[in-house]
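# Close look at the chain arrangement
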Amino acid sequence: MTSPPFRYARATSVDNAIAKGICNGSAFIAGGTDLLQLWKAGVTAPAEVVDISRLPLSEIDCSNDTLTIGALARLSSVAAHRDVAMHHPLIADTILASASGQIRNMATVGGNLLQRTRCVYFRGQDVPCNKRQPGSGCGARDGVSRQAALFGTSAACVATNASDLAVVLIALDAEINIQGGAGARRVCLSELYRLPGDTPAQDTTLVAGDLITGVIVRNVARFAGRMTYLKVRDRASFEFAVVSVAAALHIENGVIVESRLVAGGIAPLPWRLTQSETMLLGKVPSDAVFVAAGDLAIQGAQPLSENGFKIELLRNSVFRALQTIGGAS
Amino acid sequence: MMVETPTTAKGSHADAVATASVVALAFSINGRHCAVETVATAMLLDVIRDQLGLTGTKKGCDLGACGACTVLADGRRVKSCLALAASYDGADITTIEGIGTPDRLHPLQAAFIRHDALQCGYCTPGQILSGIALLAEKPKDIAAIREGMSGNLCRCGAYPNIVAAIAEVAGL
Amino acid sequence: MSDRSVPRYEAALKVTGRAAYEGEVPAVGLLHAALVEVPIARGDVVAVDASEAERTSGFATMVSYADAEPLKPSPATALIRDRAVHFAGQPVALVVADTLSAARDAARAVRVTTQARPSVTHMAQALNTAYVPAMVGRFPSVSNRGDATAALADADRVVRHRYETAANIHHPLEPHAVVCWWEGDKAVVHTSTQAVFGTRAMIAHAFNMPPADIRVISRLLGGGFGCKGQLWWPWMFLAMLAAKKTGRPVRLELTRAQMFRLVGRRQETVQDLALGFSTNGCLTGIAHHVTAQSSTHAEYSDATAVYTRYLYACPNVTTSHLLVRTNEPQPVPMRAPGTAPGLFALESAMDEAAVRLGFDPVDLRVRNFADHDQEAGRPWSSNSLRDCYCIGAERFGWARRPAQGTAVDGRWRIGWGMASTMYPAIRQAAKVRVQLAADGAVLVQCGTQDMGSGTYTALGQITADALGVPVDRVTVELGDTVLPDGPFSGGSQVTASIFPAAAAATAKLRATIAAMAIADEASPLAGQRLDDLEFRDGSIRSRSGNVGEPWANVLARKGTEGLEAEGESGATQHPDLTATSMGYGAVFVEIGVNAGLGEIRVRRVCGAFAAGRILNPLLARSQYVGGLVGGIGMALHERTETDRATGRMLGETLADYLIPTHADMPEFDIALIEEDDPHLPGSVKGIGMLGTAGIQAAIANAVFHAVGKRVRSLPIRIEDVLGRR
Ligand SMILES: Cc1cc2nc3c(=O)[nH]c(=O)nc-3n(C[C@H](O)[C@H](O)[C@H](O)COP(=O)(O)OP(=O)(O)OC[C@H]3O[C@@H](n4cnc5c(N)ncnc54)[C@H](O)[C@@H]3O)c2cc1C
Ligand code: SF4
Ligand code: FES
Ligand code: FES
């Protein structure tokens, strides 16, 4: 059942958006593809939506080795952008593996990073969920848990982050620009997300009125030709990841000098596989090394009744992703 | 209710829309200008179907997951069930009614008939609009058509014939 | 392409968005409806309070059990007359308002007080209450031929396993909808239903009114697959009650989430199956026992094990069905009811047996071919199953099947599998009216429906053929109770049912015209012999002499208003049958399993189907492919999730309940094997269900062939096949 009606306001400037966004009960709407799903399902009930889609924050610029993407750029525009396709094929490919052509034409980069979990309890009705209704309990933990996380969970919540793009952007050390009531700041994208702890209702470190204005990705040329996003899913297209892995290697003189491994579908936020990354350093790429990276990736995983298969899947996905990019180039 | 005027002015309310539960909007629909007043929570799909009476655009899931509601907004395919109408104020919208008529079919519509690319027909308008948008992206092979059309579900399973129809028009 | 492959009758309307579905019928003063649901899985409604809702803007009225009480008790009214809650998310009231959003706002403001009682939210919790239903469809629940227990005990080899299938949801893309109003005591009901006459009869019963005062219209359906039937009636009745109460037209359309709960599902099954063989590969005994879910407010069982009685030759066969009542939504038939889950078990077990016995799976099946219906002791009216095996295997290249576990394509491990499929060919009673205008235009009418299966096209073609005119001279009208009584759409029996009725009507017209021509001095056919006349190319002509004229001329000279005739045909009379009629098929698939990642993708499907005479090969292919696509969904994707603690269904969206997409499509090769069947009018069998069954086992068998894992539970997903890299 839909939530109660909201009022509509169109932001005329960034400052105007922030001023409106600070108000109690207001929510920004960009493409609307997640917010409106949640409103229709009765999960969120903003009193007012502030339409930010017309703010001039959709520029995509690739110069001086730095890619800057306005937060309101549509996913399809990013993927189709010449410089993105040329210099950041990983970003383009990841976007093209997300949602569908129509949704990518609507969805914005900022909205994608802030989309909420696909946990079926969260998006359901009449079932407990601490994220939707704090204190009601976590239905997934002892219930239908195939989607649930293996890492970073708490007693209160075991949900995963659903964004494909976030996994890849974190692998690329992306930063985001935020403007809010307290002025402008720039943070690592990885600092945007938070673990559920006792307060799973709060997904991010943003505060009321905070507007993401853009995403910055610095030079990744050293990874050129050795980046991949592996997305494992039940059907061939138009589905969120069951498990995903973004991997990038920088190999010099036959030795791995830098590595990035981030996994999706297994944690409340894009999950950096630091141990595996570290282990790879100084190694000569080989199947044995990649197997070891996979083995390290799953250490500490805490499965529930239905998601144990994701441990094996993660291990194999890490291996496969590394194997895909780690061969002789 | 629908008000038609001969002009095709764009963006009736280009500047600030005050906070409102009812919004006045103007679109160009299939080349005709029209103005509507609607609740702030209305989706583009609701306006098209319920207020403008253009029922060729279908509601299959109302949550972005089936593609039956696909329309073109400023030339790009979108799912109108997740498109807040107010956000599309001023947009140039094309629905299936603006594509062709039984006497003057669009080439893709004719190909759909030839290939029997439809059964119950409920997904068909969305498939055709999505297909037209995809054709503009120049898919390079059959696999690209399949992937590019995957946002449009067909429960009757007309998929292979739909792809054959699009491939024919694409010259593949 | 065959000249019988005429395009779909209503295609131009559908591709241009001009096709109007019943929920889109405009009505002046239309009110919009929203349902009020309760969260508890079992209990009673204590009170439904609309006082707050009444104050919301645009509110018109609310109807609930108090308003439904005067309806006559029946299964169709039970859910809305009683205060009992049978499953979580059950509606208990309906609110109507000026707009849909106002109706939803009002529905949210309705306060429902309930008294919850302990519930059973899964079959496993109540296995001790399992019982044998009287019938499974039109078959007895239990069967015994010979002594299966003894045969299995004595068999040289026994394959004995448990197979499971998940609950599936039909999900036609068009949600159920009704636009209805009252004209005095008469009701007009535009609704998406697979049975206009069945719906009219139920309204007449519930509202205690003459059927003649009710008009039900369903000219186009956006799919049905079995769910646009009886479970929709209670909610449709609520809309009719609201229309009566307000004196205004009311529109109710289910949300996609409601379609998960309110209009049926393919029932979940647990099947214990044992096959006994002699060492030479002959079946000696079969035991197939099914336990399946039904709700607490109605009873339904698929005929899941029934087809095990027929498919193979075997002297000793026992089958049974048990139902377990749970506080979950009620199952109804869904695409290939019974055969889809039942053949998954039987045809998986046959593959396991082939491996155990060292037989090729096709050879084992051919060896056990049933040359007559052993259950009833009757001949088949026709049975080309062996041709299906042979032609399917040939086209697929089965002879080149690699050894198990050896084929790879890059990272993908490749497997081939096959299975048989079958579905009974039956007919319902039907009437068809054909009218000829003086200008030669033809109108054919029948109160059956077209769910997308091609009924408009088929009826048009049958009529055009019989009258010797091109199909574009024929106008077809369906889906309205003002038309002659037609069959419900389901069970793949519509074409077979209307064919003899249309044949009868057109035969009468031909006879009348021929008689007129012979008696007409002005006709070149004057005085010709009746049995020498034929209808061809829009003309009536003599076969021997080279004379003839457009038959419209015969009518025109008479100055008649035109002619009209009705034809009628009866339902299959099962006890009187001299032969058993079924359609058959063999399906061959190639799948790939992404090694280490467990993704399963179907790459190639060849289906060889033998189901009588094919009226329109173009549409028949579409039907088979559509069925196979549904079968792929059941095999690899579709399952509902329920929170066992609350009984609430989860993931009630098409982003969570996965069905195949364009990208999941393999290459399809369909072989249409035509049969002459002297027992069936026009040799017409149904084809719709055949594609949907069989392929599940073919896929499971191919998965085994690829990775050596036997998966006996549907859907088969990543976790079922995942292995080390
Ligand atoms: C059927 C379906 C399938 C999908 N499949 C995938 C998939 O495979 N992979 C994937 O990654 N995603 C998938 N998505 C999710 C989709 O990508 C997101 O819905 C979309 O990216 C959200 O962007 P939006 O602009 O529409 O966000 P909105 O819905 O407008 O906003 C989402 C949230 O972000 C906030 N917000 C938006 N922009 C800003 C900003 N600039 N600053 C601060 N707050 C902001 C809003 O207030 C809201 O809370 C799918 C969606 C659907 C409907
Ligand atoms: S996992 Fe989190 S989102 Fe899901 S039910 Fe538990 S609390 Fe809610
Ligand atoms: S109705 Fe919009 S995507 Fe299904
Ligand atoms: S034709 Fe029926 S859903 Fe596609």
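This section reports on the structure supplied with the text. Remember, predicted model here, so these are calculated numbers, not experimental data.

Attention now moves to the overall build of chain A. Check the secondary structure of chain A and you find 11 helices and 12 strands. Against the globule reference of 20 Å for 329 residues, chain A gives a C-alpha radius of gyration of 20 Å, in line with a compact fold. Viewed in the frame of its principal axes, chain A has a C-alpha envelope of about 60 × 50 × 35 Å. Across the 329 residues in chain A, those meeting the buried criterion constitute 63%. Taking all contacts inside chain A whose residues are at least 6 apart in sequence as the whole, residues at least 24 apart take part in 64%. Total accessible area on chain A is roughly 11,400 Å²; 52% of this is exposed by carbon and sulfur atoms. On chain A, the mean spot of the 30 positive side-chain charges and the mean spot of the 27 negative ones are 4 Å from each other.

It is worth spelling out the interface of chain B and chain A at this point. Put simply, an interface is often sized by how much accessible area is lost when its parts join up. Contact residues are listed per partner, giving 37 residues for chain B and 34 residues for chain A. Both faces combined, the contact of chain B with chain A buries some 2,700 Å², and carbon together with sulfur accounts for 54% of it. Area buried by chain B at its contact with chain A is led by Thr 19, Arg 76 and Leu 82 of chain B, which between them contribute 22% of it. The interface formed by chain B and chain A contains 2 salt bridges. For Asp 62 of chain B, the salt bridge identified is with Lys 40 of chain A, shortest N-O distance 2.9 Å.

Next up on the list: the site of ligand 1. In the neighbourhood of ligand 1, 34 residues make up the surrounding shell, with Phe 28, Gly 32, Thr 33, Thr 108 and Asp 164 of chain A lying closest. Those chains with residues close to ligand 1 are chains A and B. Interatomic distance of 3.0 Å between a backbone N/O atom of Ala 99 of chain A and an oxygen atom of ligand 1. Glu 239 of chain A is positioned such that a nitrogen or oxygen atom in its backbone is 3.5 Å from an oxygen atom of ligand 1. Protein burial of ligand 1: of its 970 Å² of free accessible surface, 95% is covered by the chains. The leading source of residues in the shell around ligand 1 is helix H7 (residues 109–114) of chain A, at 4 residues. When the residues that make up the shell around ligand 1 are grouped by side-chain class, the tally is 17 nonpolar, 12 polar and 5 charged.

Our next topic: the site of ligand 2. Taken together, 14 residues surround ligand 2, and among them Cys 119, Cys 129, Cys 138, Cys 157 and Val 158 of chain A come closest. Its residues assigned to classes, the shell around ligand 2 shows 11 nonpolar, 2 polar and 1 charged.

On to the pattern of salt bridges, then. Residues and elements named next belong to chain A. Considering all chains together, one arrives at 66 salt bridges over all chains under this definition. In this structure, Arg 7 and Glu 48 form a salt bridge, with 3.3 Å as the shortest nitrogen-oxygen distance. Here Glu 48 lies in strand E3 (residues 48–51) and Arg 7 lies in strand E1 (residues 7–10), a separation of 41 residues in the sequence. Within the structure, one salt-bridge network assembled from shared partners comprises Asp 173, Arg 222, Glu 258, Arg 260, Arg 272 and Glu 277.

If you look at the interface, chain B gives 48 residues, while chain C gives 55 residues. Buried area between chain B and chain C, summed over both chains or domains, comes out near 4,000 Å², and the portion from carbon and sulfur atoms is 59%. The largest contributions to the chain B side of the interface with chain C come from Gln 119, Arg 146 and Arg 155 of chain B, which together make up 21% of the buried area. Taken together, the connections running from chain B to chain C amount to 6 salt bridges. Residue Lys 58 of chain B is joined to Glu 24 of chain C by a salt bridge in which the shortest nitrogen-to-oxygen separation is 2.7 Å. Looking at the side of chain B that touches chain C, the elements with two or more residues in it are helix H2 (107–114), helix H3 (124–136), helix H4 (142–148) and helix H5 (159–170) of chain B. At 5 residues, H5 of chain B tops the list of elements feeding residues into the side of chain B that touches chain C.

Looking now at the side chain of Lys 685 of chain C. Residues and elements named next belong to chain C. Summarising the element assignment, Lys 685 is placed in the loop between strand E32 (667–673) and helix H17 (695–707). Side-chain polar atoms of Lys 685 contact the side chain of Glu 675, separated by 2.9 Å. Residues contacting Lys 685, with those up to four places away along its chain left out, are Ser 381, Ser 382, Ala 425, Met 582, Gly 583, Ala 611, Gly 612, Glu 675, Asp 677 and Leu 680.

What links the strands of a sheet is backbone hydrogen bonding, and the strands pair in either a parallel or an antiparallel sense. Residues and elements named next belong to chain A. Strand order in this open sheet of 5 strands is E4-E5-E8-E6-E7, and the pairing throughout is antiparallel. Because the sheet does not close on itself, it has two edges, and the strands there are strand E4 (60–63) and strand E7 (183–188). Each adjacent strand pair in this sheet contributes to an overall mean axis angle of 20 degrees, direction not counted. Pairing between strand E6 (residues 175–180) and strand E8 (residues 211–217): 5 bridges, direction antiparallel. Considered in E8, the bridge of Gln 179 is made with Leu 211.

So, on to the packing of helix H10 (residues 287–297) of chain A against helix H11 (residues 309–326) of chain A. All names here are of chain A. Packing of H10 against H11 leaves a shortest axis separation of 8 Å and a crossing angle of 145 degrees. The hand of the H10/H11 crossing is right-handed. Where H10 approaches H11, its residues Asp 287, Phe 290, Val 291, Ala 293, Gly 294, Asp 295 and Ala 297 are matched on the opposing element by Leu 314, Arg 315, Val 318, Phe 319, Leu 322, Gln 323 and Gly 326. Among the residues making up the contact of H10 with H11, the classes are represented as 8 nonpolar, 3 polar and 3 charged.

Bringing the side chain of Asn 152 of chain B into the picture now. Relative to the helices and strands, Asn 152 of chain B is located in the loop between H4 and H5. On the accessibility criterion, Asn 152 of chain B (0% relative accessible area) is buried. When sequence neighbours within four positions are dropped, the list of residues in contact with Asn 152 of chain B reads Gln 102 of chain A, Cys 66, Gly 67, Thr 70, Gly 126, Gln 127, Ser 130 and Tyr 159 of chain B together with His 662 of chain C.

Moving on: the packing of aromatic side chains. The full count for this structure, using the stated rule, is 18 aromatic pairs over all chains. Look at Phe 151 of chain A and Trp 271 of chain A: their rings are 5.6 Å apart centre to centre, the planes differ by 20 degrees, and that puts the pair in the stacked class. Taken together, the residues Phe 151 of chain A in the loop between H7 and helix H8 (164–171) and Trp 271 of chain A in strand E12 (residues 271–272) connect sequence positions 120 residues apart. By relative accessible area, Phe 151 of chain A is classed as buried at 6%. With 6.5 Å between their ring centres and 65 degrees between their planes, Phe 139 of chain C and Tyr 310 of chain C make a pair best called edge-to-face. Taken as a pair, Phe 139 of chain C in strand E8 (residues 139–140) and Tyr 310 of chain C in the loop between strand E16 (283–295) and strand E17 (317–326) lie far apart in primary sequence, 171 residues in all. In this structure, Phe 139 of chain C and Tyr 310 of chain C share a single accessibility class: buried.

This brings us to the nonpolar core. Among the nonpolar cores identified, the biggest contains 184 residues, and Leu 436, Ile 540, Trp 551, Ile 591 and Ile 699 of chain C are the most heavily contacted of them. If you tally residues by element for this core, the top one is helix H14 (residues 494–519) of chain C, at 12 residues. Formed by 45 residues, the second largest nonpolar core is a distinct cluster that contains Ile 91, Ala 107, Leu 192 and Tyr 193 of chain A.

Another aspect to go through is the packing of H14 of chain C against helix H15 (residues 551–558) of chain C. Residues and elements named next belong to chain C. Across the interface, H14 lies against H15 with an axial gap of 10 Å and an inter-helix angle of 65 degrees. By the angle class used here, H14 and H15 are roughly perpendicular. For the crossing formed where H14 meets H15, the hand is left-handed. Within the contact between the two elements, H14 uses Ile 513, Met 516 and Ala 517 and H15 uses Trp 551, Val 554, Leu 555 and Lys 558. The residue inventory of the contact of H14 with H15, partitioned by class, reads 6 nonpolar, no polar and 1 charged.

Procedures and definitions
- Residues numbered from 1 in each chain as written.
- Chains lettered and ligands numbered in written order.
- Predicted model: local features only at pLDDT ≥ 70, side-chain atom pairs only at ≥ 80, totals over all residues.
- Heavy atoms only, no water.
- Helix = DSSP H or I, 4+ residues; strand = E, 2+ residues; numbered from the N terminus.
- Rg over C-alpha atoms; globule rule 2.2 N^0.38 Å.
- Buried < 20%, exposed > 50% of the residue type's maximum accessible area, 1.4 Å probe, protein only.
- Contact = heavy atoms within 4.5 Å.
- Areas by Shrake-Rupley, 256 points an atom, 1.4 Å probe, with all protein chains shown as cover.
- Lys, Arg positive; Asp, Glu negative; His and termini not counted.
- Charge placed at Lys NZ, Arg CZ, Asp CG, Glu CD.
- Buried area = accessible area lost by both parts, 1.4 Å probe.
- Salt bridge = Lys/Arg side-chain N within 4 Å of Asp/Glu carboxyl O.
- Near = heavy atom within 4 Å.
- Polar contact = N/O pair within 3.5 Å; in protein donor to acceptor, adjacent residues only side chain to side chain.
- Nonpolar A, V, L, I, M, F, W, Y, C, P; charged D, E, K, R; others polar.
- Pairing = 2+ DSSP bridges.
- Axes fitted to C-alpha atoms, helices over the stretch in contact; angles between N-to-C directions.
- Left-handed = near helix turned anticlockwise from the far one by under 90°.
- Phe/Tyr/Trp six-rings, centres within 6.5 Å; stacked < 30°, edge-to-face > 60°.
- Core = buried A, V, L, I, M, F, W, Y, C linked by side-chain atoms within 4.5 Å.
- Parallel < 35°, antiparallel > 145°, perpendicular 65-115°, else oblique.

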